[in-house]
Amino acid sequence: MLGSINRTLLRSLFTVADYDCDSKEFQDIDRSEAGSTMHAFFNVVCVIAGTGTLGLPYALRLGGWIGILILFLAWFMSTYTSIILVRCLYASGNKRLLSYKDVATAAYGALGGWVTFFFNAWILVGAPVLYMVLCGSNFQFLCKGTAGAIGEIPWTIICSVLVAIPFVFVKSLKEVGLMAGFGAFATFATVLIVLIVACIDQKNLTDIHHDSVIWDQFPIALSTISFSFGGNVVLPHVEASMNRPRDFNKVAAAGMAACAGMYFLTAIPGYYIYGRNVVSPVYDSIPSGVPRIIAIVLMTVHVLFAAPILLTSFALDVEEMLNIKVERLGRVKEFCIRCCLRLLLMACVTVLACTVPHFDLLMSLIGSFANCGLIFIFPVLFYWRLTGFRNKPIYELAFCGLIILLGIVGLIFGTIDSIRGLVNAY
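About the cut-offs
Residues numbered from 1 in each chain as written. Predicted model: local features only at pLDDT ≥ 70, side-chain atom pairs only at ≥ 80, totals over all residues. Heavy atoms only, no water. Helix = DSSP H or I, 4+ residues; strand = E, 2+ residues; numbered from the N terminus. Buried < 20%, exposed > 50% of the residue type's maximum accessible area, 1.4 Å probe, protein only. Contact = heavy atoms within 4.5 Å. Areas by Shrake-Rupley, 256 points an atom, 1.4 Å probe, with all protein chains shown as cover. Polar contact = N/O pair within 3.5 Å; in protein donor to acceptor, adjacent residues only side chain to side chain. Salt bridge = Lys/Arg side-chain N within 4 Å of Asp/Glu carboxyl O. Core = buried A, V, L, I, M, F, W, Y, C linked by side-chain atoms within 4.5 Å. Phe/Tyr/Trp six-rings, centres within 6.5 Å; stacked < 30°, edge-to-face > 60°. 1 Å grid on protein atoms, 1.4 Å probe; cavity = no way out; pocket = protein on both sides within 12 Å on 5 of 7 lines; lining within 4 Å. Points joined across faces, edges and corners; volume = space filled by probe spheres on them. Nonpolar A, V, L, I, M, F, W, Y, C, P; charged D, E, K, R; others polar. Patch = residues over 30% accessible without salt bridge, like charges linked within 9 Å, V, L, I, M, F, W, Y side chains within 5 Å. Expected span 1.5 Å × (residues − 1).

Trainee: Go over the overall build of the chain with me, naming the residues and quoting the values.
Mentor: For the chain, the helix and strand inventory stands at 15 helices and zero strands. With 426 residues in all, the chain has 54% of them scored as buried. The long-range fraction of contacts in the chain, counting pairs at least 24 apart against all pairs at least 6 apart in sequence, stands at 86%. In the form shown here, the chain has an accessible surface area of approximately 18400 Å², with 67% of it arising from carbon and sulfur atoms.

This is the structure in structure tokens:
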């Protein structure tokens, strides 16, 4: 029944439009240098199927096999909210809105816009900070016992410089499409390595225990699984980078499906083989050796490629707010100001990664609000506000209500868990 409703919802989204961007009166953004549909697909996969992929077996350990149902729900819901979020960009009728913040402002005024911008900024800047910490830690681990073991902080700085090169010199998400492709491939290769090695290791394991559902840990598992489809904060800019914007719905659906496929390939075998002994990231559960090292290298490559996408999306929002445009400043002056702004932003990311203690726990606390709001709650509320409530079929309203409920549950219990982590740390 639920699958039938989801298919009906998605079919309606592919066939019914709330806007007419081909109209002569409609003011679209400049797409003269836009990229292909495939570039957009890789951007979606690279941003969403990140390090969270390797934490899903542990989420099943927390909640039990019922987590598979939540994974299905989160997949369908995030696909739906991604599509309606981009629809909201066209809800004004005669001009495309530019960003998530603009959608929030159109729906709930300046206050709604700035609240959304704060959460948006926390995710788009905070995630790269964590990525730099992870890269520094991984390189230090890989170089352990060699002259390359120079410390986590120096490696974090080196990784930040590597990320800064494409971030500063490319202007939009179209230019990072190739990097996104490599990042998506690195994630898929990591999933395959973990899957193959875990299957080989299965014969060495005995007395593996599984649970159908663990009620006291289920809300935390729900939050973890829900967050695994985060990333729709960059989708307005992904759609802006497409030369065929009408293909966005298909890109979103295909990108989410590809991510879900990798999630199932990781989550189900990982929990089935290791049971209650599985850890996060799951490659720490497989035996030490070359495959595990390759998996760590590939995941490090992935985050190095994903960080510029997130930072570029945030920089585009800030540059639009500050009116940093070629038409106003000229090509040379615009380039210089844009480079200085992005270098400053990258310096802030590096300083945070190197100096703030327990930043991951602080990120988790605010991320509980930000992710649940930006992924599930806000898109539905904005969609209703901008396109109407009474004109939606009852099954769509019911599905939207379920999305908001899931977002609220994830927000509450994710926040509680994060606060406990901060209290224990300090």
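Trainee: Run through the side chain of Lys392, naming residues and quoting values.
Mentor: By secondary structure assignment, the location of Lys392 is in the loop between helix H14 (359-387) and helix H15 (394-425). In this structure Lys392 comes out as buried when scored by relative accessible area, which is 10%. In terms of polar contacts, Lys392 uses its side chain to reach the backbone carbonyl oxygen of Gly388, at 2.6 Å. Separated by 3.0 Å, the side chains of Lys392 and Asn391 make a polar contact. Ignoring sequence-local partners within four residues, the contact set of Lys392 consists of Tyr383, Thr387 and Leu397.

Trainee: Can you tell me about the pattern of salt bridges, naming the residues and giving the values?
Mentor: Scanning the entire structure with this criterion turns up seven salt bridges. The partner of Glu239 in a salt bridge is Arg96, with the nearest N and O atoms 2.6 Å apart. Separated by 143 residues along the polypeptide, Glu239 in helix H9 (residues 235-240) and Arg96 in the loop between helix H4 (67-88) and helix H5 (100-142) bring together distant segments of the chain. According to the relative accessible area criterion, Arg96 is buried, its value standing at 2%. One salt bridge in this structure joins Glu319 and Arg342, with 2.8 Å as the shortest N-O distance. In this pair, Glu319 is assigned in helix H11 (residues 290-321) and Arg342 in helix H13 (residues 331-355), connecting sequence segments 23 residues apart. No difference in accessibility class separates Glu319 from Arg342, as the two residues are buried.

Trainee: So, the nonpolar core: which residues are in play, and what are the values?
Mentor: Side chains of nonpolar character tend, in soluble globular proteins, to be buried together. By size, the foremost hydrophobic cluster in this structure holds 100 residues, and its most contacted members are Met132, Phe229, Tyr263, Phe314, Leu374 and Phe382. A per-element tally of this core places H5 first, with 15 residues. Apart from the residues lying within four places of it in its own chain, the contact partners of Phe314 are Phe117, Ala121, Leu124, Val125 and Leu345. Listed in part, the 17 residues of the second largest apolar core include Ala186, Ile273, Ile286 and Leu298.

Trainee: Would you mind going over the packing of aromatic side chains in detail, with residue names and values included?
Mentor: Overall, the coordinates contain 20 aromatic pairs when judged by the stated rule. Ring geometry for Trp65 versus Tyr271: centroids 4.8 Å apart, planes at 70°, classification edge-to-face. Note that Trp65 is positioned in the loop between helix H3 (56-63) and H4 and Tyr271 in helix H10 (residues 248-274), a separation of 206 residues in sequence. Between Trp384 and Phe389, the ring centres sit 4.9 Å apart and the planes meet at 90°, which makes this aromatic pair edge-to-face.

Trainee: How would you sum up empty space enclosed by the protein? Please name residues and give values.
Mentor: Tallied over the entire structure, the rule returns one cavity of 30 Å³ or more. Looking at the largest cavity, its volume works out to about 30 Å³. In terms of lining, the largest cavity is formed by Val194, Leu195, Ala198, Leu265, Thr266, Pro269, Gly270 and Val282. Within the residue set of the lining of the largest cavity, elements represented by two or more residues are helix H7 (177-201) and H10. The biggest single contributor to the lining of the largest cavity is H10, with four residues. The class makeup of the residues in the lining of the largest cavity is six nonpolar, two polar and no charged.

Trainee: I'd like to hear about the environment of Asn323, residue by residue, with values.
Mentor: Looking at where Asn323 falls in the secondary structure, it is placed in the loop between H11 and helix H12 (326-329). With a relative accessible area of 29%, Asn323 lands in the partly exposed category. Separated by 11 residues in sequence, Asn323 and Glu334 place their C-alpha atoms 9.9 Å apart.

Trainee: Could you give me a rundown of the environment of Lys325, with the residues and numbers involved?
Mentor: Here Lys325 is to be found in the loop between H11 and H12. For Lys325, a relative accessible area of 30% gives the class partly exposed. Distance in space between the C-alpha atoms of Lys325 and Ile337 is 9.8 Å, their sequence separation being 12 residues. Contacts of Lys325, omitting those with residues within four sequence positions, involve Glu320, Gly330 and Glu334.

Trainee: With reference to specific residues and values, describe a nonpolar patch on the surface.
Mentor: On the surface, Ile150, Ile153, Ile157, Ile158, Val161, Leu162, Ile165, Phe169 and Phe335 cluster together to form a nonpolar patch covering roughly 800 Å² of accessible area. A per-element tally of the nonpolar patch places helix H6 (residues 152-169) first, with seven residues. In this fold, Leu162 is placed in helix H6. A relative accessible area of 44% means that Leu162 is categorised as partly exposed.

Trainee: An account of H13 is requested, with residue identities and associated values reported.
Mentor: Compared with an ideal rise of 1.5 Å per residue, which puts 25 residues at 36 Å, H13 spans 36 Å between its outermost C-alpha atoms and is within 8% of the ideal. Turning to H13, its buried residues are Glu334, Arg338, Cys339, Arg342, Leu345, Met346, Val349, Thr350 and Ala353. Buried residues belonging to H13 abut H5, H6, H11 and H12.

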